[in-house]
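Summary of the model geometry
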Amino acid sequence: QVQLVEFGGGLVQPGGSLRLSCAASESIFNILYMRWYRQAPGKERELVATISSSGRTTHADSVKGRFTISRDIAKNTVYLQMNSLKPEDTAVYYCNADLQARLGSSVQNYWGQGTQVTVSS
């Protein structure tokens, strides 16, 4: 069973930076989309950024110009570079992917376990 494992969360001061990583637990045949979501206490889960298999990216308006999603295809890893962090960015950040684990298998959706990002002085 494929697992997505996130790294890089933590406590940072306002204006600071963090880089989140999300890696698949095994070699993947085809990754169609990888995404980052976040969920703050008492709020619904929010889509933060998406990167497609062609490398096309989209970012939520709330993070445009501050966050950047990228990927390393060879490592089956997606990153979220977060700059100019604000207290309102505090949330649990989740990695999500639509992928085809092996040749001939169906495309399925997977979630990581989440990593806490806290922006506070």
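Residues numbered from 1 in each chain as written. Predicted model: local features only at pLDDT ≥ 70, side-chain atom pairs only at ≥ 80, totals over all residues. Heavy atoms only, no water.

1. As for unusual backbone geometry
Rules: Helical segments are the DSSP runs of H or I of at least four residues, strand segments are the runs of E of at least two, and each set is numbered from the N terminus. Burial status follows relative accessibility: with a 1.4 Å probe on protein chains alone, a residue under 20% of its type maximum counts as buried, one over 50% as exposed, and anything between as partly exposed.
The backbone of N76 sits at a positive phi, close to 50 degrees, despite the residue not being glycine. Mapped onto the secondary structure, N76 falls in the loop between β7 (67–72) and β8 (77–82). The backbone of S84 shows a phi angle near 50 degrees, a positive value even though the residue is not glycine. Residue classification places S84 among the partly exposed positions, given a relative accessible area of 40%.

2. A word on the environment of Q1
Quick reminder of the rule: Contact definition: two residues touch when any of their heavy atoms are within 4.5 Å.
Relative to the helices and strands, Q1 is located in the segment before β1 (4–7). A residue is classified by how much of its surface remains accessible, and Q1, at 76% relative accessible area, is exposed. It is 15 Å that separates the C-alpha atoms of Q1 and N30, two residues lying 29 residues apart in sequence. Non-local contacts of Q1, meaning those with residues more than four positions away in its chain, are made with S25, E26 and Y110.

3. Some details on the nonpolar core
Here is the rule: Residues enter a nonpolar core if they are buried and are Ala, Val, Leu, Ile, Met, Phe, Trp, Tyr or Cys, with the set joined through side-chain atoms within 4.5 Å.
Of all hydrophobic cores here, the largest spans 32 residues; its most connected members are W36, L80, M82 and Y93. Within the residue set of this core, elements represented by two or more residues are β3 (18–24), β4 (30–39), β5 (46–52), β7, β8, β9 (91–100) and β11 (115–119). For this core, the leading source of residues is β9, giving five residues. The contact partners of L80, leaving out residues within four places of it in the chain, are L18, R19, L20, W36, V48, A49, F67, T68, I69 and Y93.

4. Quick notes on the pattern of salt bridges
The line we're drawing: For this document, the term salt bridge refers to a Lys or Arg side-chain nitrogen within 4 Å of an Asp or Glu carboxyl oxygen.
For the coordinates displayed, the defined rule picks out six salt bridges. Note that D61 is salt-bridged to K64, the shortest N-O span being 3.2 Å. Where D89 meets R66, a salt bridge forms, and the shortest distance between an N and an O atom there is 2.7 Å. Pair noted here: D89 is in the loop between β8 and β9 and R66 is in the loop between β6 (57–59) and β7, with a separation of 23 residues, a long-range link.

5. What to know about the state of the cysteines
We apply this condition: Defined by distance alone, a disulfide is two cysteine sulfur atoms within 2.5 Å.
For the coordinates displayed, the defined rule picks out one disulfide. One disulfide bridge connects C22 with C95, the sulfur atoms lying 2.0 Å from each other. Looking along the S-S bond of the C22-C95 disulfide, the torsion reads about -80 degrees, which is the left-handed sense. Here C22 is found in strand β3, whereas its partner C95 is found in strand β9, with 73 residues between them in sequence. For C95, a relative accessible area of 0% gives the class buried.

6. What to know about the sheet that holds β1
Selection criterion: In this scheme, strands are said to pair when DSSP sees at least two bridges between them. Lines fitted to C-alpha atoms define the axes here, with helix axes fitted over just the stretch in contact, and angles between the N-to-C directions of these axes take values from 0 to 180 degrees.
Here we have four strands laid out as an open sheet, ordered β1-β3-β8-β7, and antiparallel in their pairing. Each edge of the sheet is formed by a strand with only one pairing partner; in this case those strands are β1 and β7. Here the average twist between neighbouring strands, direction ignored, is 15 degrees.

7. Here we look at the pairing of β8
Look at any regular strand and the pattern is simple: side chains alternate between the two faces of the sheet. The buried fraction of β8 is high, at five of six residues. Note that β3 and β8 share six bridges and pair antiparallel. Within β8, the position partnered with L18 by the bridge is M82. Here β7 runs beside β8; their pairing, made up of six bridges, is antiparallel. Bridged to R71 within β8 is V78. In textbook terms, the turn of a hairpin is the stretch between consecutive antiparallel strands, and for β7 and β8 this stretch comprises four residues, one of which, N76, has a positive phi near 50 degrees.

Geometric descriptors of this kind do not, in isolation, establish any biological role.
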